[in-house]
Structures are given as C-alpha cells and as structure tokens.
Amino acid sequence: MSCFPESVYSVYTDGELAPAQLREVEMHLVGCRKCRALVLALREEASLLNEVLQEREPRPAPVHAAAAPARGLALGVVPTLGALGAVVFVVGWLIETGLPSSIGWLNPFRLMGAFAMAFDLIFTVRDRVPELFDFALSVAATVSVAALLTFAVSVLTRRWTGPVALAALGLAMAAGPTPGSAMLLEHHHDNYELAAGETLDESLAISGESVRIDGVIEGDVFVLARKLTVRGEIRGNLFACVRNLEIAGEVSGATYVFSEDARVSGRVVGNAYHVNRDFTLEQSGRLGRDLIFLGEVFELRGRVGRDLFGEVGHLSLLESARVEGDVRVVLLDSDEIEIAPGARVGGEIEQGRDGEHWGRRSWYMRYMTGHYYVWLGIELGAAFLFGLVLHALAPRTFDVRLDTGGAFFRSLGVGFVAAVAAPIAILLAAVTVLGVPLAFAGLFVLVAALYTAGLVVAAIVGSALVHPRGEGWRAFGWRLLVGLLALLVVCHLPIVGGLIAVIVLLTGLGLLAQLGYAAYESR
Amino acid sequence: MQAAIERARSGDAAAFGELYRGCERDVARLCQRMLGPGAAAEDAGSEIFLRARRGFDGYDPKRPFRTWLLSVAGHYCIDQLRRQRTEARLFDASDLEAGDLAAAAPSPLQYLMRREERDAVLAAIEELPFKWRLPLVLRHFGELDYGAIGEILGLEKGQVGTLLFRARRRLREHLAGTIRGGNGR
C-alpha cells in the first residue's frame, strides 16, 4: 500500500481519525519505516507546540503598532522627492538655458542629428551580427511561452524553483519548435522584393538593405532596412525601423515607424505612430485614424481620419490637408502651426510651445478632458484585478514591510541598482547568441516586476491607511484598492507626480528584489 | 476540584467562583492568543465568567472543567472576532478544501525548535492570520478535540483537521526561513 499524505498522519497524530481509516493507517505504519518516522516527528511537533503555547505568556501589546507600516514611507519619500526634484530642476535649467549647439542633441526634445546617429548604430550592430536578428526572432516566441509556463508552474506550486525554472526554460528552448510556420524570417544583405501578384500568407520579419513590397502580405511586417517601399498591401500591422519609408499602397492595420524620412501617399487604415525626422502625407495619402508623432518637420497634404497628436519642430497643414478630429501639438522650433487657407480641421486646435511643457497652460489641460479620467479608471481597474490574482496565486509577494526610514532607503537603493543593472545585463546577454533567449526572458521578468512593484507599494500604503487589518482576500482587496487610489492621485499630481511615480516603482522593485533574495536563501 | 464541581453544580456560587479562578489565567491567555493583545482580550474575562455561570447547567462532569471553560471562552472570542470583522465568515471555502495538502517543509518543527528559539516560535504563532491561529490555539493551548473546535468555529471535524494541517504547515514555512537564516544555515 502506498504511503498516506502527511495530512492524514496529522489527523492521526491528533487521535481524530475515523476508525476505518485508523486501521488502514496503523496497518501501513507497521511496514513503513519512513511513515513511522514522520508520525514520530509530528508527535514531537505537537508536543512542542503544546509546551510553547502553555508555558509562555502571550506578548504584550506593542505601542504604536499601527503607525509602523507608514513610517518608512513617510520618513523616506519627502527627502527623496526633494533630492530628485533638485536634480531635475538643475538638469532642466541647464537644458532650457541653451546648450552649445555641438551638444544640443543631448536635449531630449531636440532630435536633429540623433536620428542619423541612431540609425548608424542600429545598422552597424545589425551588419556585424547578421545571424542575431533571425535567431532572436525565431526563439523569442518559444522563450516567451516557456517563461510564462515556468512562472505559472512555480507560483501555482508556491515554490521558488530557481535552477529548476532555468533548466525548464533551457529544455523548452531546445525542444520547442521554431515559429517558422507563423512567420517568414528573412535576412538579406542587399534587396528583398515581393513582386506584384505574389501573396505571402504569413507575417514577415525582414532585415535587408532595401525592401520592396509590391504584392500582398496577409500578416504583420517587421522591417529593419535602409529603405522600405510599400506599393502593395499589408493586411496586418507594419513595424519599421528604416532610413527611408514610402507607403504608396495600403496597410490595413497600424503603422509603427521609426525612420528618418517617411512619405505616405497611400492608405493606413489604423493608427499611425511615427517617429520621423521628416514626414510627408501626400495629397492622396489617407490615415484612417489617429496620427501620433514625434519629429522635426511634418507636412500634411492628405487626410487624417481622427486626431493629430504629438510633438514636432514644424508642422504644416497645407492646401488640401484634412484633419477630421482634433489637433494637439507641442511645437519645438516654431511659434505656431502653419495652416494654409484651404486646409480644414474638424475639431479643436491646441498648440503649445516647447517651454510650456512645464507651464500652467499645458499641465492642467489634460485634467479638463473626460477621457483622461476614463483611462485612469481603466488603469486602476486593471491594476486592482491583477493585484487580486497575484495575491491569490502568490500571496508571499505581498509579505513585505517598510517599518523604518532605513528600510525605505535600502529598498529604494536596491531598486535603483536593479533598474539600472537589469537593462545592462539584458543588453550584454543579448550580445552573445546564447544569451538572446535569456535576454528576452529577462526583459519579460523586468517588465512584470516593474508592474508588480507598484502593486506591492500600493498594498503597503493601503495597510497604513485602512484598519482593522484582516487576512482574507476581501480585506486584502480593500487595502489594495485604497492604496491604488492613493497612489493614483499622488502619481498624477502636476510636476511632482512623475517623480513620486519613479520613487514608488524603484522602492517596489527593491522590495521585490529583497523578497526574491530571501526566498532564494530559504529554499 | 471534584468537590468544588459538586458544590457548584448544586448552586454554590462561591464554589463556581473558586473553579473559575483556578482557570482564570488560562482563560486570559486563550483570549489574548485568539483576539491578539489589546483591550478586547482584557475585557473578555468578566463576560466569559458570566457566560460560563449561565451555561454551567450544560457542563458534563466527565469532561475536564478547564477544557469546558476554555471551550466557552473560545466561543466568546469567535463571537467577538465575527463582530469586529466586516465579513461574517472567518474562513473562505478555499481554506477548508482538502486539496493541496502536500507537505511544504522537509521536516516538522522539532528540527527547528531549540529552547532559545521558542520565543520566536511563539511570536510566529501570534503573527499567524486568524484562520490559522484560532484552530492552533484551541488545539494546543485549549487542548480541545476536533468536535469542540468545530463547534466553536462552526466547522465540520474534517475541516478542522484540514485547517490544523495547513496552520502547522504555514508555521513551518514561516519559521524555516526565520530560524535557519538567523542561524546562518
């Protein structure tokens, strides 16, 4: 007969087994030394618990216990905020008072020159490691699934699997199929062309010198090239990192483009997200929904189906331009948007100057719009649900405290190191071919950790604000909701909100790092 | 004590008082362990005395008086806890399910408890959530059987067994890191 689970021996030790099962257990114990040893140990445990509870007096009530969880945060946040605020003020003043033109590109709002530098870097890396792009894409899907499964298994069994998780990841990578059937991977040193009349039934990921799509691609397109020309049709989305882009055909999804020059004379059905030095929407060009952009010179002659939203050096709405929605733009190099007499804007026009980022006019504008609060509500709901699920699957995640100012600063420091070191470690891992899957897994973990960090701090803040403290999921949910609301308010305050958000994330990241280390030590 | 019980059963109030005073300290300790330190535990004594006095007719002399009295005290503490908390139930359905009852630690507490660590064990017990602490205290301090514990907590005997197993497991998990880490193991 196989051994009984420990829970049965626990009841047996308490002398509470039903007679029928009692006989079975005793018969098994006669022949099983391992189970006899377990029963002996459980009896010792019960005896010791009796002794401890009966011989010792209960501890006296601690003084000011309710204030403990909040003290660390309260003592630490204010000086940290002050220090960060001073740093941001000094750096911002240095930038705004004008840097020498040779290092003007340091200004995050000045992109001239940075485009050329960025593309040079990208293509140099790409050309030096030609196999890296293909290999990275081919294992990315397998690694993501393996990482998700491993994480799910480890939290569901409430164990930190550590080396076991890594081993499982490695095995999954080796055994997993490459997603060749879902995506065509190409790497060309010169030109790639999908001729007119040809159809590709899958997504395309391609790296080359010049890419020309005259045919039809049923899925998404990922391109890293010096030049991309689309005269055919892309039925999915377009993700492009190119020097020169021309869209004369149609993209049924959205476009996500990082390029020096972009010219659209065809049609984009979804949103268009563009970071371009120069962007031109020709008279025949049609953007079905929003155009969200960042760049230097944007000229529009065609039609934008919804809103225009972004930051640009110069924006021109020329004679035949049509924007059906609003235009909300921050101008970096000019005083106002150039709007030709024949151009039409269906909604409102809001333009701000670069310096007005920090001025009264732009910071309170967003608080006056209804959709801002709708998105806040969605953000809150998603975080709350995720927090409840995480608490149900891995309650130890929230077993953290910030009792003292020292604990707060320690967590902040650890979080800062983790936030800086992790991306560097991921990049270094990605340089080696073997490290690419680890790098992708590490990126996934970092993103998940950052999101969880906010929830952990919200739970601590909620614990400080809500009394009494219970242990059921309802009590936890109440504390989490109160904490999330509090954080949502302070992190969206004007000017200081961003700084507080950074502090919250770094502190939470530090707490998670310490929790992970403690769990690893006690495994 | 038997003589005092006989006198108390025949209506001698002084005898009942004598019996109660003999167990008063245990009653106070049970209340502190179940309700936590604070005013609620300190005020419980007089109320429990009154309840025990009123319910003494239902006392079965075959049972130890201390066990019966602690059972009354346990009932009172549970009533207080239910009043303090926003939800009526102290235990969720998941706490009482017999699934996932695998052992978590490789060895029970005996390997972790040395004399100087018993204060740490006591602290760990007192920091357990109510759902684990209550059955543990009623069993190992009150020395109540599953039936009595179930009656106090409003649970079946099988559910009491499940809760006790989970409580001890949780205690081991909690202490495994604390004690081993403190010893540098």
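Residues numbered from 1 in each chain as written. Chains lettered and ligands numbered in written order. Predicted model: local features only at pLDDT ≥ 70, side-chain atom pairs only at ≥ 80, totals over all residues. Heavy atoms only, no water.

1. Overview of the overall build of chain B
Thinking step 1. Across its full length, chain B carries nine helices and zero strands.
Thinking step 2. Along the chain direction, N to C, the helices and strands of chain B fall in the order α-α-α-α-α-α-α-α-α.
Thinking step 3. Across the 185 residues of chain B, 54% fall into the buried class.
Thinking step 4. Within chain B, contacts between residues separated by at least 24 positions form 74% of all contacts whose residues are at least 6 apart in sequence.
Thinking step 5. A total accessible area of about 8400 Å² is found for chain B, and carbon and sulfur atoms account for 48% of it. (Helix = DSSP H or I, 4+ residues; strand = E, 2+ residues; numbered from the N terminus. Buried < 20%, exposed > 50% of the residue type's maximum accessible area, 1.4 Å probe, protein only. Contact = heavy atoms within 4.5 Å. Areas by Shrake-Rupley, 256 points an atom, 1.4 Å probe, with all protein chains shown as cover.)

2. Some remarks on the nonpolar core
Thinking step 1. Grouped together as the largest cluster of nonpolar side chains are 69 residues, with contacts concentrated most on Ile48(B) and Phe65(B).
Thinking step 2. In this structure Phe65(B) touches Met1(B), Ile5(B), Phe16(B), Leu19(B), Tyr20(B), Cys23(B), Phe56(B) and Tyr59(B), once residues within four positions along its chain are discounted.
Thinking step 3. Residues Tyr192(A), Leu238(A), Val304(A) and Ala343(A) belong to the second largest nonpolar core, which totals 44 residues. (Core = buried A, V, L, I, M, F, W, Y, C linked by side-chain atoms within 4.5 Å.)

3. Re the packing of aromatic side chains
Residue and element names in this part refer to chain B.
Thinking step 1. Counted under the stated rule, the structure contains 17 aromatic pairs over all chains.
Thinking step 2. On the numbers, 6.2 Å between centres and 70° between planes, the contact of Phe56 with Phe65 is edge-to-face. Neither Phe56 nor Phe65 differs from the other in exposure class; each is buried.
Thinking step 3. Grouping aromatic residues by their ring pairs yields a cluster made of Phe16, Tyr20, Phe49, Phe56, Tyr59, Phe65 and Trp68.
Thinking step 4. When the ring centre of Phe141 is taken as origin, the NZ or CZ atom of Arg33, which lies over that ring, is 5.5 Å away.
Thinking step 5. Sitting over the ring of Phe141, Arg66 keeps its end group 5.5 Å from the ring centre. (Phe/Tyr/Trp six-rings, centres within 6.5 Å; stacked < 30°, edge-to-face > 60°. Lys NZ or Arg CZ within 6 Å of the ring centre and 35° of its normal.)

4. Quick notes on the pairing of strand β2 (residues 191–194) of chain A
Residue and element names in this part refer to chain A.
Thinking step 1. Covered by surrounding structure in β2 are Tyr192 and Leu194 only, the residues Asn191 and Glu193 on the alternate face being uncovered.
Thinking step 2. Examined bridge by bridge, β2 and strand β4 (residues 203–213) share four bridges and lie parallel to one another. Residue Asn191 lies in a different strand from β4, and its bridge partner there is Ser210. (Pairing = 2+ DSSP bridges.)

5. Remarks on the sheet that holds strand β20 (residues 344–345) of chain A
Residues and elements named next belong to chain A.
Thinking step 1. Taken in spatial order, the nine strands make up an open sheet running β3-β5-β7-β9-β11-β13-β15-β17-β20, and their pairing is parallel. Unpaired on one side and paired on the other, β3 (199–200) and β20 mark the two borders of the sheet.
Thinking step 2. Sheet analysis places strand β5 (residues 216–217) next to strand β7 (residues 233–234), joined by two bridges and oriented parallel. What sits directly across from Ile217, in β7, is Ile234.

6. Here's the deal with helix α1 (residues 6–13) of chain A
Residues and elements named next belong to chain A.
Thinking step 1. In terms of burial, α1 is largely enclosed, as eight of its eight residues are buried.
Thinking step 2. Among the residues of α1, those classed as buried are Glu6, Ser7, Val8, Tyr9, Ser10, Val11, Tyr12 and Thr13.
Thinking step 3. One or two residues past the end of α1 sits Gly15, with phi positive at roughly 70°.

7. Quick word on the confidence of the model for chain A
Any region with low pLDDT has predicted coordinates that should not be read closely.
Thinking step 1. Averaged over every residue, the pLDDT of chain A is 75; the share at 70 or more is 64%.
Thinking step 2. Note that pLDDT drops below 50 for residues 355–361 of chain A; the model gives that stretch eight contacts with residues more than four away or on any other chain. (pLDDT = per-residue confidence, 0-100.)

8. Things to note about a nonpolar patch on the surface
Thinking step 1. A surface patch of nonpolar side chains, amounting to about 370 Å² of accessible area, comprises Phe416(A), Val417(A), Val420(A) and Ile424(A).
Thinking step 2. Checked against the element boundaries, Val420(A) lands in helix α10 (residues 405–431). (Patch = residues over 30% accessible without salt bridge, like charges linked within 9 Å, V, L, I, M, F, W, Y side chains within 5 Å. Salt bridge = Lys/Arg side-chain N within 4 Å of Asp/Glu carboxyl O.)

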